[in-house]
Amino acid sequence: MKNIILTVFTVLIFGSCVYAASTKEDAMAFFNHYVQAANTYNPEVTTMYSPSAKIIREVVKPDGTTVTRVTNTQRYISEMKKGQTIAKMRHYKNNYSNISISQLGADTFKIASLRQPSGESYKLKTYMVIKKQPDGVWLITEEMMQTKVQMLINAK
């Protein structure tokens, strides 16, 4: 009886470890959910960031030079909430192409892509680093997005 219980316990533990392993498909599912939430102005998008996420904006100036600014999650979420109203009125959306996923750690992935704002012909570089938390929730821990809009130009 002890051997049966020990065997069942071992199978359950091993099975849960295998099941819990994160894959590129899991990361892509999170990214697709993020894009859908962002493009439908769902407030849920604000909960997809780690409270300590590193938010990087690379402002592409008209002459092609760039200025990089880093801000914190709290300020970024505040700006995002303000911008969602205007974006919704304009039916603003982002389309992503050339999506690539690389694994940085057991539960950490980097998703890079080109972002095309609606109504524009240009594409801008972007990436996010996502990490699966111990409770199973995926969070964005770092995000870099090129932009031509200088909303966060004075961020520190």
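Residues numbered from 1 in each chain as written. Predicted model: local features only at pLDDT ≥ 70, side-chain atom pairs only at ≥ 80, totals over all residues. Heavy atoms only, no water.

S.K.: Looking at this structure, I do not really get the packing of aromatic side chains. What am I missing?
M.R.: The description of two aromatic rings rests on the distance between their centres and on the angle between their planes. Under the counting rule described, the total for this entry stands at four aromatic pairs. Arranged with centres 6.3 Å apart and planes meeting at 75°, the rings of Tyr34 and Tyr49 form a pair that is edge-to-face. One end of the pair, Tyr34, is in helix H2 (residues 24–39); the other, Tyr49, is in strand E1 (residues 49–60), with 15 residues separating them in the sequence. What makes Tyr34 buried here is its relative accessible area of 5%. Taking relative accessible area as the criterion, Tyr49 reaches 4% and is therefore assigned buried. Centroid distance Tyr49 to Tyr76: 5.5 Å. Interplanar angle 70°. Geometry classified as edge-to-face. Of this pair, Tyr49 sits in strand E1 while Tyr76 sits in helix H3 (residues 73–90); the two residues are 27 residues apart in sequence, bridging distant segments of the chain. (Phe/Tyr/Trp six-rings, centres within 6.5 Å; stacked < 30°, edge-to-face > 60°. Helix = DSSP H or I, 4+ residues; strand = E, 2+ residues; numbered from the N terminus. Buried < 20%, exposed > 50% of the residue type's maximum accessible area, 1.4 Å probe, protein only.)

S.K.: Is there a simple way to explain the sheet that holds strand E2 (residues 66–72) in this structure?
M.R.: Note: strands within a sheet are paired through backbone hydrogen bonds, in either parallel or antiparallel orientation. Taken in spatial order, the six strands of this open sheet run E2-E1-E6-E5-E4-E3, and their pairing is mixed. With one partner strand each, in any of the chains shown, E2 and strand E3 (94–105) form the two edges of the open sheet. The average angle at which neighbouring strand axes cross in this sheet is 15°, direction not considered. Here E1 runs beside E2; their pairing, made up of seven bridges, is antiparallel. Among the inter-strand pairings, Val59 is bridged to a residue of E2, identified as Val67. Contacting E1, E3, strand E4 (108–117), strand E5 (124–132) and strand E6 (138–147), H2 crosses the sheet at an angle of about 145° to E3. Running at roughly 70° to E1, H3 makes contact with E1, E2 and E6 of the sheet. (Pairing = 2+ DSSP bridges. Axes fitted to C-alpha atoms, helices over the stretch in contact; angles between N-to-C directions. Contact = heavy atoms within 4.5 Å.)

S.K.: Could you clarify how one ought to interpret the pairing of E4 in this entry?
M.R.: Along any regular strand, the residues point their side chains to alternate faces of the sheet. Judged from the nine bridges that link them, E3 and E4 form a sheet pairing that is antiparallel. Across the sheet, the residue bridging to Asn95 is Gln116, located in E4. Between E3 and E4, which pair antiparallel in sequence order, lie two residues. Note that E4 and E5 share eight bridges and pair antiparallel. In the strand pairing of E5, Leu114 is matched with Lys125. Between E4 and E5, which pair antiparallel one after the other, the connecting turn spans six residues, and Gly119 there sits at a positive phi close to 80°.

S.K.: Please clarify how the pattern of salt bridges should be interpreted in this entry.
M.R.: Side chains that differ in charge, positive against negative, can pair when their charged atoms come close. Under the definition given, this model contains two salt bridges. Arg57 is paired through a salt bridge with Glu143; the nearest N and O atoms lie 2.6 Å apart. Separated by 86 residues along the polypeptide, Arg57 in strand E1 and Glu143 in strand E6 bring together distant segments of the chain. When its relative accessible area of 0% is taken as the criterion, Glu143 is described as buried. Residues Arg75 and Glu79 are paired through a salt bridge, measuring 3.8 Å at the closest nitrogen-oxygen approach. With Arg75 and Glu79 both in helix H3, this residue pair falls four residues apart, about one helical turn. Looking at Glu79, the relative accessible area reads 16%, which means it is buried. (Salt bridge = Lys/Arg side-chain N within 4 Å of Asp/Glu carboxyl O.)

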